[in-house]
Amino acid sequence: MAQGFPEIFDVRALGRAIDTGFNQIVADYGATLEAIFLPILKLLLAMEKILQWLPWWVVILVLAALAYAASRRWGIALAVAVMTFAIGLIGVWDAAMATIALMVVATLLAVIVGLPIGVAMSRSKRMQSITLPVLDVMQTMPIFVYLIPFVMLFGPGKIPALLATIVFAIPPVIRLTNLGIRGVDPEIVEATRAFGASPAQILLSVQIPLALPTILAGINQTTMMALSMVVIASMIGAGGLGYQVLQGIQRLQISSGLMAGLGIVLLAIIFDRIAQSYGKRMQKSLKLDH
Amino acid sequence: MTTPFKIRVEQVSKIFGPDPKTAMAAVNAGMGKAALLAQSNHVLGLHNINLNIRAGETFVIMGLSGSGKSTLIRHFNRLIEPTAGRILVDDTDVLSLNAADLRSFRRKKISMVFQRFALLPHKTVLENVIYGLVIDGMPKAQARAKGAEQVALVDLAGFENHYPGQLSGGMQQRVGLARALATDAEILLMDEAFSALDPLIRHDMQLQLREIQARLHKTIVFITHDLDEALLLGDHIAILKDGVLRQVGTGPEILVSPADDYVARFVRDVNRARIVTCGALAVPGQAGGDIELSADQTIESAYAALAQTDAPLTVRQANGDLAGVLTRQQVFDALARA
C-alpha cells in the first residue's frame, strides 16, 4: 500500500478557519466596501453608456485620432480605423464597447495605484524586496482564485470583475516603473542633487520623464493583461465580449465564440499599436540625446 | 573672525564600507589602506585631508584614477558625507546644514560641472541652463532671460532650443558650464570637466574658462588627472595619491621643489621652462647691467636675455621691488633636475 503524506497538522481546520475568518470579514465590511467602490462602479457604467451611445463612426474617428497622435503616422491611424470598423462588421460592437470600458477603467486604476508603488519600490531596497515576491505570487496564482474572494465580498457583478482584473493586471506597471526609475543614469540624478533639487523635484523633473518609455511599456502590458482577463471576468458578470465567449461555450455555438474572440484580438491589436507606437516615438526622442 | 580662505577642509577622512566608524578608529590607530581592505573589507577613500582654498582662486586637485579626487570634490557640496572631519565654506560648517539648508546652499552658493556633462537629455539647452534657477523657484520668464545671457557667455547663442544630444561634446560641456554659472554661485566645482573632450577642444575650453574666470572671479575647485591642465589653470595645486595629500603649492613651487619621489616622478616630463618663473629661481643679490627680468615671466621667455651675458641679471617684482638675481647656471641647474 502506498504511504500517504503524514498529516502534520489539521489542514481542514486551517481551511475552516480561513473560510470563517473571511466570511466574518464579508459580514462585517461587505456593505462598507460596496459603498466605497460605488463611485468606481458608476464611472465604469457611465463609460460603458457613453461608448455605446456614441455613433460608431465617432468612436472610429476618436481611436484613429488617438493612434495618429501617438504615432504621427497616417498608416497606423488608418489601420486602427479599419480594425475598429471590422469589430462592428462582425456584429460585436456593443459588447466590444463594454469591454473597452472595463479595460480602460481597470488600466486607469491600475496605473493610479501601481505608479506610486513602483516609485516607492525604486527608492527603497527594503520596499523592493518585500514587493517583488508579492508580485511574483500575484502573477503565478491561477486567475480563477482571485475571483472567489471578490465574488464573496461583492456578489457577482462588475465591481468584483473589475477588481480581479486590476489585481491580475497591475504587476507589470509596478515592476516597470521601479525598473525604469532605477535605470535612470545616476550621474544625471547626482547632477540634479548637486543643483539643490528636492527629492520630489528630482522625481518629477528627471526620474519619471526619463523612465517614461519603460513605464509606458508597463502600462501597455497592463492593458493587454486586463484585456486577457475579460473572458474570465465575464464568468462573474463583467459582461462584454467575454460574456459572449462564455455563451458560446454554454450553447456549444462556435460562431458566437469565434466572433467574440476575434473582437478581443482586434481590440488587443488596436490598443497595442497605439501604446507601442507612442512608446517607440518617445524612446526615439530620448535616444537622440545620448 | 574671518579668514582669507573661502573653503577650509579640516582633517577630512572618508571610508567606504558597512561600518566606517569602527574602520576609522582602526585607521587612526595606524592601520594602512591595504590592511584595512584585507581585514575588514573597507576602502580608505580619503585620509586626513587639510586644504585651504582662497576666495577667487582656481584650486586644482590633481591625481590619477583611484586617488580619491572625485570623492574629495563631492565633499564640498556634500554629495558624499565624510566619515570624519569638517568642511567650512565662509566659516559655515557644511556638515551642520539640515536638508533644507543644504538644498539652499547647493542652489545659491556652490554649483558643479561634471566629467560626462550629466545634462538632462529631455530638456533643451536653455532649459538645462536654467535648471538650477527654476528649481529655486525663479519665475520662468526671468529665468529664461538670465539663461539666454549665460548661453551667450559660452558662445552657444542660437542653440537655445537644441537638445543636448544634437550637440558635440565640447558644446555639451559648455552647456554644463553655463548651467553652473547661471545660479551665480560663488563656488564652482569642476569634476574632470574637460577630460572627456578631445585635445584641441579641451585646450579651447581651458582658455575659455580662464577668460570667464578673469571676469567673474569665482572660487573654482578643479579636478584633473592632467598635469598640463593643472599647471595652466591652477593658482594652487594639490596632489593626491591613494587618498592622501602629497603636496600643495603653486605650479612653479611643485615643479621646483617636489615634496617627495611620487610628486617628482609625476612632474618629471613637464617642460618646466614654460612654467617656472624667473622669480621662483632668483636668489638674493644685486647685479649691474641694464637687462632686467620680471619675476613672473617664464624661464623660456627669458632665454634671449640670458643668452646675451654671462653676468647675473636683476629680477624685479611687478611693483618694481628687487626680487633677486638670476644666472644662466641657475637656469640650467633647475632645468637639469629632471
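Residues numbered from 1 in each chain as written. Chains lettered and ligands numbered in written order. Predicted model: local features only at pLDDT ≥ 70, side-chain atom pairs only at ≥ 80, totals over all residues.

(A) Highlighting the overall build of chain B. Looking only at helices and strands, one finds 15 helices and 13 strands in chain B. Overall, chain B is about 65 × 55 × 45 Å in size when its C-alpha atoms are taken along their principal axes. For chain B, with 338 residues in total, the buried portion stands at 44%. (Helix = DSSP H or I, 4+ residues; strand = E, 2+ residues; numbered from the N terminus. Buried ≥ 20, exposed ≤ 12 C-beta atoms within 10 Å, placed from the backbone.)

(B) Spatial organisation of the domain arrangement of chain B. All names here are of chain B. Considered domain by domain, chain B is made up of domain 1 (54-85 + 92-270) and domain 2 (274-336). On a C-alpha basis, the centres of domain 1 and domain 2 stand 35 Å from each other. Each side of the interface is counted separately: domain 1 has six residues, and domain 2 has five residues. For the side of domain 1 that touches domain 2, the element with the highest residue contribution is helix α11 (residues 251-256), accounting for four residues. (Domains from an automatic or database assignment. Contact = placed C-beta atoms within 7 Å.)

(C) Representation of the nonpolar core in the model. Grouped together as the largest cluster of nonpolar side chains are 164 residues, with contacts concentrated most on Leu102(A), Ala106(A), Val230(A), Ala178(B) and Val221(B). Both domains that meet at this core, namely domain 1 (54-85 + 92-270) and domain 2 (274-336) of chain B, each give it at least three residues. Discounting chain neighbours no more than four positions away, the residues touching Val230(A) are Thr99(A), Leu102(A), Met103(A), Ala238(A), Gly240(A), Leu241(A), Gly242(A) and Ile264(A). (Core = buried A, V, L, I, M, F, W, Y, C linked by C-beta atoms within 7 Å.)

(D) Structural detail: the sheet that holds strand β12 (residues 313-316) of chain B. Residue and element names in this part refer to chain B. The strand order across the open sheet formed by three strands is β11-β12-β13, and the pairing between neighbours is mixed. This sheet does not close on itself; its edge strands, each paired only once, are β11 (292-294) and β13 (322-326). If you compare each strand with its neighbour and ignore which way they point, the axes differ by 30° on average. Bridge count for β11 against β12 is three bridges, and the pairing is parallel. Each bridged residue has a counterpart across the sheet, and for Glu292 the counterpart in β12 is Thr314. (Pairing = 2+ DSSP bridges. Axes fitted to C-alpha atoms, helices over the stretch in contact; angles between N-to-C directions.)

(E) A look at the interface of chain A and chain B. If you look at the interface, chain A gives 18 residues, while chain B gives 21 residues. Listed by contribution, the elements that provide at least two residues to the side of chain A that touches chain B are α9 (186-194) and α10 (199-234) of chain A. For the side of chain A that touches chain B, the per-class residue count stands at 10 nonpolar, four polar and four charged. (Nonpolar A, V, L, I, M, F, W, Y, C, P; charged D, E, K, R; others polar.)

(F) Representation of the pairing of strand β1 (residues 5-16) of chain B. All names here are of chain B. Pairing analysis gives eight bridges linking β1 to strand β2 (residues 43-54), with the strands arranged antiparallel. Each bridged residue has a counterpart across the sheet, and for Arg8 the counterpart in β2 is Asn52. Strand direction decides the pairing type here: β1 and strand β4 (residues 84-89), joined by five bridges, are antiparallel. Directly across from Ser13, in β4, lies its bridge partner Ala84.

(G) Focus on unusual backbone geometry. Residue and element names in this part refer to chain B. You will see that Asp155, though not glycine, has its phi angle at about 60°, which is positive. Note on placement: Asp155 falls in the loop between α7 (140-153) and α8 (169-182). Overall, Asp155 belongs to the partly exposed group, with 13 C-beta atoms counted inside 10 Å. Positive phi, normally seen in glycine, also occurs at His217, with a value near 50°.

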